[in-house]
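Each chain is listed here by its residues.
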Amino acid sequence: MKIRDFGVEIWMNAYENDCTYNLAETCVCSLSVAELLDLSNQRETVLEDLLATRLTYGDIEGSPRLRKAIAGLYRKQRPEDITITNGAIGANTLVLLTLVEPGDRVISVLPTYQQHYSIPESIGAAVDILPLREENGWLPDPEELRGLVRKAGGRVKIININNPNNPTGSVMEEPLLLQLVEIAREAGAWLLCDEVYRGLCHQGDPYTASVADLYEKGISTGSMSKTYSLAGLRLGWIAGSRELWQMLSRQRDYHIISVGRTDDLLSAVALESKEAISRRNLAICREGGRLLEEFVAGQSHISYVKPKGGTTAFLKYDLPMESAELCRRLQAETGVMLLPGSALDREGYLRIGYCNDPAITKTGLEIFDQWLNRQG
């Protein structure tokens, strides 16, 4: 299978370990094990469980405790409807390898995480792009989606969306999601929503509606990485119908076997403590969002659509250089790391992560502001 280079991951691998101020980080400031145990209010119990854990394969499909905790994030999902994976990247891959075949038609929003269009392309599917536009608040246009479905003769296997969106931070509320569900239902298409930032809406209920709860062919993927600040656990999941679970299980046997038992345990502890983690993380997101808003308001070279969720924003800039050159120069000269829009197939923009350590965000933005002012 031939597949395009993964722009985001290649850039992060090349530059992340050599920066001083990481403004490309997409996780809310990561938790240590000690911090997780403190937030859980069950330090001694969890430590005893960890020390007693035998490092076997464990529950192949994930422990009942973990699957129950994940199901609790949804309105309608049951523990037996949850498929455990190696991160959300493994969840999205498993869904696409299970459902997409050569010659299928796939629709994906853009910008988004590259898996959603490059994996189907590599399988031999025809991929139509539903562009997200700044003037529309980076939200998909349902009528444009209808047009793509008509263009495909109504024969669409899967529609891929992302909510809250990476990199723009836009949030699809339930009425818009229901419009997309109706279009997918009319086409008989699966609707895959990458929901790794679900739980990080900055105002009101932090949890958006999930497509797995809204549509019989809705598929939701999630992970411990972004919302729960535990990327090092490398644990994700898929929520969907029993029909989907059965199809995924046949494919899953070739890729996963099981996740680590300590990862399973710590993920269950974190999800059982999600209210405490949410309070901590939303406070970080709001403070980072405030710092970013002040930076944009005072910077003549930068504009943006203020994100409503997640941990990232998509900054438009007006300097006469491509985004990759800008990011390379900025990091080489100041130690500040950003992600170029070209890595997300949208030139002229920069992705910034503003929910890392608030001290890093504050200093990094100050240095970036000074660097931009020196560019004329």
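Here goes a summary of the coordinates provided. (Residues numbered from 1 in each chain as written. Predicted model: local features only at pLDDT ≥ 70, side-chain atom pairs only at ≥ 80, totals over all residues. Heavy atoms only, no water.)

A closer look at the packing of helix 7 (residues 142–151) against helix 8 (residues 174–187)
When two helices pack together, their arrangement is given by the angle between their axes and by how far apart the axes lie. The N-to-C vectors of helix 7 and helix 8 enclose an angle of 10°; their axes lie 10 Å apart at closest approach. Here helix 7 lies roughly parallel to helix 8, going by the angle between them. The element helix 7 and its partner helix 8 pack so that their crossing is right-handed. For the pair formed by helix 7 and helix 8, the contact residues are Pro142, Leu145, Arg146 and Val149 on the first element and Leu176, Gln179, Leu180, Ile183, Glu186 and Ala187 on the second. Classifying every residue of the contact of helix 7 with helix 8 by side-chain character gives 7 nonpolar, 1 polar and 2 charged. (Axes fitted to C-alpha atoms, helices over the stretch in contact; angles between N-to-C directions. Helix = DSSP H or I, 4+ residues; strand = E, 2+ residues; numbered from the N terminus. Parallel < 35°, antiparallel > 145°, perpendicular 65-115°, else oblique. Left-handed = near helix turned anticlockwise from the far one by under 90°. Contact = heavy atoms within 4.5 Å. Nonpolar A, V, L, I, M, F, W, Y, C, P; charged D, E, K, R; others polar.)

Describing the packing of helix 5 (residues 87–99) against helix 10 (residues 242–252)
Where helix 5 contacts helix 10, the axes come no closer than 9 Å and their chain directions differ by 100°. As far as their axial angle goes, helix 10 and helix 5 are roughly perpendicular. Contacts between helix 5 and helix 10 involve Leu94, Val95, Leu97, Thr98 and Leu99 from the former and Leu244, Met247, Leu248, Gln251 and Arg252 from the latter. Split into classes, the residues belonging to the contact of helix 5 with helix 10 amount to 7 nonpolar, 2 polar and 1 charged.

Comments concerning the pattern of salt bridges
If you walk through the whole model with that rule in mind, you get 23 salt bridges. Of the charged contacts in the structure, one is a salt bridge between Arg133 and Glu144, with a shortest N-O distance of 2.6 Å. Of this pair, Arg133 sits in the loop between strand 4 (126–131) and helix 7 while Glu144 is found in helix 7, placing the two residues 11 residues apart along the sequence. In this structure Glu144 comes out as partly exposed when scored by relative accessible area, which is 23%. Taking the shortest distance from any N to any O, the salt bridge between Glu134 and Lys316 comes out at 3.9 Å. Pair noted here: Glu134 is in the loop between strand 4 and helix 7 and Lys316 is in strand 10 (residues 312–317), with a separation of 182 residues, a long-range link. Among the ionic contacts, a cluster of salt bridges with common partners joins Arg78, Glu80 and Asp81. (Salt bridge = Lys/Arg side-chain N within 4 Å of Asp/Glu carboxyl O. Buried < 20%, exposed > 50% of the residue type's maximum accessible area, 1.4 Å probe, protein only.)

Thoughts on the layout of surface pockets
The computed volume of the largest pocket comes to approximately 480 Å³. As for the largest pocket, its lining consists of 24 residues, and the residues nearest its centre are Glu9, Thr26, Cys27, Tyr113 and Lys226. Elements with a contribution of two residues or more to the lining of the largest pocket: helix 1 (7–15) and helix 5. Looking at side-chain class alone, the lining of the largest pocket contains 9 nonpolar, 8 polar and 7 charged residues. Along the lines of polarity and charge, the residues of the lining of the second largest pocket split into 6 nonpolar, 5 polar and 7 charged. (1 Å grid on protein atoms, 1.4 Å probe; cavity = no way out; pocket = protein on both sides within 12 Å on 5 of 7 lines; lining within 4 Å. Points joined across faces, edges and corners; volume = space filled by probe spheres on them.)

Section: the sheet that holds strand 4
The 7 strands lie next to each other as 2-8-7-6-5-3-4, forming an open sheet whose pairing is mixed. A single partner strand is all that each edge strand has here, and the edge strands are strand 2 (82–85) and strand 4. Neighbour-to-neighbour, the strand axes of the sheet open up by a mean angle of 20°, direction not taken into account. Note: strand 2 against strand 8 (residues 236–239), 4 bridges, orientation antiparallel. What sits directly across from Thr85, in strand 8, is Gly236. Strands strand 3 (105–110), strand 4 and strand 5 (158–162) of the sheet are contacted by helix 7, whose axis makes an angle of about 165° with strand 4. (Pairing = 2+ DSSP bridges.)

Some thoughts on empty space enclosed by the protein
Per the counting criterion, the structure on display carries 3 cavities of 30 Å³ or more. There is about 70 Å³ of room inside the largest cavity. As for the largest cavity, its lining consists of Leu73, Tyr74, Glu195, Val196, Arg198, Tyr207, Thr221, Gly222, Ser223, Thr227, Tyr228 and Trp237. In terms of residue class, the lining of the largest cavity is made up of 6 nonpolar, 4 polar and 2 charged.

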